[in-house]
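Commentary on secondary and tertiary structure
Residues per chain, in single letters:
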Amino acid sequence: MLLLRDNAAIVNVSPGLALVPKQTASIYCASKAALHSFSKTLRWQLEGTSVKVFEVLPSAVDTAMTAGRGRAKISPDRLAGEFWRGFQRDKFEI
Ligand SMILES: NC(=O)c1ccc[n+]([C@@H]2O[C@H](COP(=O)([O-])OP(=O)(O)OC[C@H]3O[C@@H](n4cnc5c(N)ncnc54)[C@H](OP(=O)(O)O)[C@@H]3O)[C@@H](O)[C@H]2O)c1
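Residues numbered from 1 in each chain as written. Predicted model: local features only at pLDDT ≥ 70, side-chain atom pairs only at ≥ 80, totals over all residues. Heavy atoms only, no water.

Moving on, we come to the pairing of strand β2 (residues 51-56). The element β2 is largely enclosed, with a buried count of 5 among its 6 residues. Of the strand pairs in this sheet, strand β1 (residues 8-13) and β2 are connected by 6 bridges, and their pairing is parallel. Residue valine 13 lies in a different strand from β2, and its bridge partner there is valine 56. Regarding the hand of the β-α-β motif, the stretch spanning β1, helix α1 (residues 26-45) and β2 is right-handed. (Buried < 20%, exposed > 50% of the residue type's maximum accessible area, 1.4 Å probe, protein only. Helix = DSSP H or I, 4+ residues; strand = E, 2+ residues; numbered from the N terminus. Pairing = 2+ DSSP bridges. Right-handed = clockwise from strand over helix to strand, strands pointing away.)

Moving on: the environment of threonine 24. Of note, threonine 24 is situated in the loop between β1 and α1. C-alpha of threonine 24 to C-alpha of proline 58: the two residues are 34 residues apart in sequence and 19 Å apart in space.

Summarising the element assignment, glutamate 55 is placed in strand β2. Although glutamate 55 is buried, it forms no salt bridge, and the closest oppositely charged side chain is arginine 43 at an N-O distance of 4.6 Å. Polar contacts involving the side chain of glutamate 55 include one to the side chain of histidine 36, which spans 2.8 Å. What glutamate 55 contacts, discounting residues up to four positions off in sequence, is Asn12, Ser14, Leu35, His36, Ser39, Arg43, Phe92, Glu93 and Ile94. (Lys, Arg positive; Asp, Glu negative; His and termini not counted. Salt bridge = Lys/Arg side-chain N within 4 Å of Asp/Glu carboxyl O. Polar contact = N/O pair within 3.5 Å; in protein donor to acceptor, adjacent residues only side chain to side chain. Contact = heavy atoms within 4.5 Å.)

Turning our attention to the side chain of threonine 66. Tracing the backbone shows threonine 66 in the loop between β2 and α2 (76-88). The class of threonine 66 is buried, set by a relative accessible area of 9%. Setting aside chain neighbours within four positions, we find threonine 66 in contact with Val61 and Lys73.

Our focus in this paragraph is α2. The periodicity of an α-helix, 3.6 residues per turn, causes residues three or four positions apart to be oriented the same way. In a regular helix each residue adds 1.5 Å, so 13 residues correspond to 18 Å; α2 covers 18 Å between its end C-alpha atoms and thus fits that length. Those residues of α2 that sit buried are Leu79, Phe83 and Gly86. The buried residues of α2 occupy an angular sector of 65 degrees when the element is viewed end-on, so they sit on one face. Facing away from the buried side of α2 by more than 90 degrees, the exposed set consists of Asp77 and Gln88. For α2, the secondary structure elements touched by its buried residues are β1 and β2. The positive-phi residue at the C-terminal boundary of α2 is aspartate 90, with phi of around 55 degrees. (Expected span 1.5 Å × (residues − 1). Arc of directions from axis to C-beta.)

Structure representation (structure tokens):
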């Protein structure tokens, strides 16, 4: 269905841990590394179509998932703002 549209986008969210794994979260990091790889290949597969593939790789974001854990978390609003700036410039890895 996305291919039938003039413009479409897929946005995957992989943590920075997809690139730099953490000792205490091996399965989480491995699954997110797979999502990072999948995002890259999907982008290549869809080159030349109307569908763009974006990947957002944030550090820790202050959400329910990270409640009571982590330091120096960014707010979801800040992440959304940074994503939007990158999205408008066709920056595919944000
Ligand atoms: N927080 C971070 O620091 C961070 C950083 C990088 C990447 N990420 C990634 O971003 C994604 C979202 O994380 P988050 O921090 O936003 O977590 P979150 O605040 O806990 O939100 C998780 C969301 O997933 C939904 N969900 C959970 N189980 C589901 C299921 N079985 N089927 C459908 N929806 C389900 C929840 O829906 P309900 O509200 O209806 O339960 C909720 O909207 C995760 O993949 C996480 O790995 C998070």
